[in-house]
Amino acid sequence: MRAAIDYGGTYARVWLSGEEGIERFDTPSWPLTRLLEHLKARYPSLRETAVAYAGQVYEGLILSAPNIDIDEPDIVRWAETSLRVKLRIENDLNCAALAESHYWNEPNLVALYSGTGLGAGIVERGAIFHGYRGMAGEIGHIPYQRAPFRCGCGKDNCLELHASGNGLRRWREHLGCGCDFRLDTMRRAGGSCREIADFFIMGMVYAAATLATLCNPRLIVLGGGIVAKNPWLADRVSELLPRYAMPAALEGLRLEISAIKEAPLEGAKLLLDTIKP
Ligand SMILES: [Zn+2]
C-alpha cells in the first residue's frame, strides 16, 4: 500500500492506494510522526509514502516550518527505521508546481500560488528547482512595500503582506474594511476596500513579472485559495505584466489559472512514483 499526504498547519489530506482500492480522508494536523504511526497501524501493508509539507524541506530533512511544530526533522530516516516505510518529502508548493508541470505537460513552469501565504514553485526541465537549502521560489518574502504590521519572517515589507489571504485579512483589520476575499466586490465597495484590492492585484502582477524575468518560464500558473475565488486575475495580470517584466522574458510566455483541485496532494502522488521499491 502507498500513501500520499498533503500536510499543512491545520489539516492533513491523505490519499491511499492499495489492493482494496483508493481511499481518501482528511485528518486534523497531528504531529507528522503520529499521523504516520496511525496510518501504519491501520494499514500494516503501507510501504511507501510521499508528503507535501508546508515548510522548508531539503533532501528529506525538514529545516523549518512557520505554522507547524516540527516533531522529527529527519523524518525520512525515522519512517524507514521506526515504521519500515519509504518516505519522500517535498515542500508543498514544489509539489504543486510538479503537479502543474504534469497537468499542463510543460517542463519549464512556475506555479505562483496565493492562499494563506504567497509562494512559488519552479520547475526547470521537468525537475524541481530547490536552491541551496530548499528556499528557492520564496517570492512572498521579497521586498515590496512597507506595511504597518510584520510578516511571519520578521520583515515589514514583504510582498506576501499585500498579495496573500493573510495579507488581505490583516489589511482589513488595520483599515476596518468589512469585505470578503472577493477582490471585485472589494473594488466596487470603494474606499479602503478598493485600495486593499488594488494593492493585492498589483502585488500579484509584481510577483508574476519578477518570476517571469528571473526564471524565464514558458508558463506561469496562478493558483491557491485567493486566486480560485478571483479567476479573472489571470487576464488582469496578463494585461499588466508588460509594465513590469523584461520584454524578452515575455516572449512565448503563457499565463493560466490552475485547474487542479488539490495540487500539493497531486504532486505528492507523482513523488510516490519516484520511490524505488
Ligand atoms: Zn516575509
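Residues numbered from 1 in each chain as written. Predicted model: local features only at pLDDT ≥ 70, side-chain atom pairs only at ≥ 80, totals over all residues.

(A) Spatial organisation of the sheet that holds strand S3 (residues 21-28). One open sheet holds the five strands; their spatial order is S3-S2-S1-S4-S7, and the pairing between them is mixed. Only two strands of the sheet have a single partner each, and these edge strands are S3 and strand S7 (86-91). Adjacent strand axes in the sheet meet at a mean angle of 15° when their direction is disregarded. Pairing of strand S4 (residues 48-53) with S7 involves six bridges; the strand directions are parallel. Bridge pairing links Tyr 53 to Asn 91 in S7. Relative to the sheet, helix H3 (residues 92-104) contacts strand S1 (2-7), S4 and S7, its axis offset from that of S7 by approximately 95°. (Pairing = 2+ DSSP bridges. Helix = DSSP H or I, 4+ residues; strand = E, 2+ residues; numbered from the N terminus. Axes fitted to C-alpha atoms, helices over the stretch in contact; angles between N-to-C directions. Contact = placed C-beta atoms within 7 Å.)

(B) Region of interest: the packing of H3 against helix H10 (residues 263-272). Packing of H3 against H10 brings their axes to within 7 Å, and their N-to-C directions diverge by 80°. By the angle class used here, H3 and H10 are roughly perpendicular. Facing H3, whose interface residues are Asp 92, Cys 95, Ala 96, Leu 98, Ala 99, Glu 100 and His 102, H10 presents Ala 263, Pro 264, Glu 266, Gly 267, Ala 268, Leu 270 and Leu 271. Classifying every residue of the contact of H3 with H10 gives nine nonpolar, two polar and three charged. (Parallel < 35°, antiparallel > 145°, perpendicular 65-115°, else oblique. Nonpolar A, V, L, I, M, F, W, Y, C, P; charged D, E, K, R; others polar.)

(C) Here's a closer look at the sheet that holds strand S9 (residues 118-124). A sheet is described by the order of its strands in space; here five strands give the open sequence S10-S9-S8-S11-S12, paired in mixed fashion. With partners counted over all chains shown, the strands left at the sheet margins are strand S10 (127-128) and strand S12 (254-257), one partner each. Both strand S8 (residues 109-114) and strand S11 (residues 219-223) contribute to a ladder of five bridges, which runs parallel. Bridging across to S11, Leu 112 finds its partner in Leu 222.

(D) View of the packing of helix H6 (residues 191-215) against helix H8 (residues 233-244). Where H6 contacts H8, the axes come no closer than 9 Å and their chain directions differ by 60°. Here H6 is positioned oblique relative to H8, judged by the angle of their axes. H6 and H8 meet at a crossing whose hand is right-handed. When H6 is examined against H8, the residues Ile 201, Met 204, Val 205, Tyr 206, Ala 208, Ala 209 and Ala 212 are found in contact with a partner set consisting of Leu 233, Arg 236, Val 237, Leu 240, Leu 241 and Tyr 244. Within the contact of H6 with H8, the residues separate by chemical class into twelve nonpolar, no polar and one charged. (Left-handed = near helix turned anticlockwise from the far one by under 90°.)

(E) View of the environment of Asp 74. Mapped onto the elements of the fold, Asp 74 is located in the loop between strand S6 (61-64) and helix H2 (75-83). Judged by the 12 C-beta atoms lying within 10 Å of it, Asp 74 falls in the exposed class. Residues Asp 74 and Ala 3, 71 residues apart in the sequence, show an inter-C-alpha distance of 19 Å. (Buried ≥ 20, exposed ≤ 12 C-beta atoms within 10 Å, placed from the backbone.)

(F) Spatial organisation of the domain arrangement of the chain. According to the domain assignment, the chain contains domain 1 (2-94 + 263-272) and domain 2 (105-257). For domain 1 and domain 2, the distance between their C-alpha centroids amounts to 27 Å. At the junction of the two partners, domain 1 supplies ten residues and domain 2 supplies 13 residues. Only strand S5 (56-58), S7 and H3 provide two or more residues apiece to the side of domain 1 that touches domain 2. Ranked by the residues each element gives to the side of domain 1 that touches domain 2, the list is headed by S5, at three residues. Looking at the side of domain 1 that touches domain 2, its residues break down into six nonpolar, three polar and one charged. (Domains from an automatic or database assignment.)

(G) Geometry of the environment of Glu 124. Looking at where Glu 124 falls in the secondary structure, it is placed in strand S9. Overall, the presence of 16 C-beta atoms within 10 Å leaves Glu 124 in the partly exposed class. Separated by 23 residues in the primary sequence, Glu 124 and Ser 101 have C-alpha atoms spaced 9.5 Å apart.

(H) Structural view of the pairing of strand S2 (residues 11-18). Pairing of S1 with S2 involves six bridges; the strand directions are antiparallel. Within S2, the residue paired with Arg 2 across the bridge is Ser 17. Between S1 and the antiparallel strand that follows it, S2, lie three residues. Pairing of S2 with S3, which is carried by eight bridges, proceeds in the antiparallel orientation. From the neighbouring strand, Ala 12 faces S3, where its bridge partner is Thr 27. If you look at the hairpin formed by S2 and S3, you'll find two residues sitting between the two strands.

(I) Quick peek at H2. Taken as a whole, H2 has its buried residues at Ile 75, Val 76 and Ala 79. All buried residues of H2 fall inside an arc of 110° around its axis, so they share one side. The inward-facing, buried residues of H2 abut helix H1 (32-42), S4, S6 and S7. Phi turns positive, to about 60°, at Arg 84, one or two residues after H2. (Arc of directions from axis to C-beta.)

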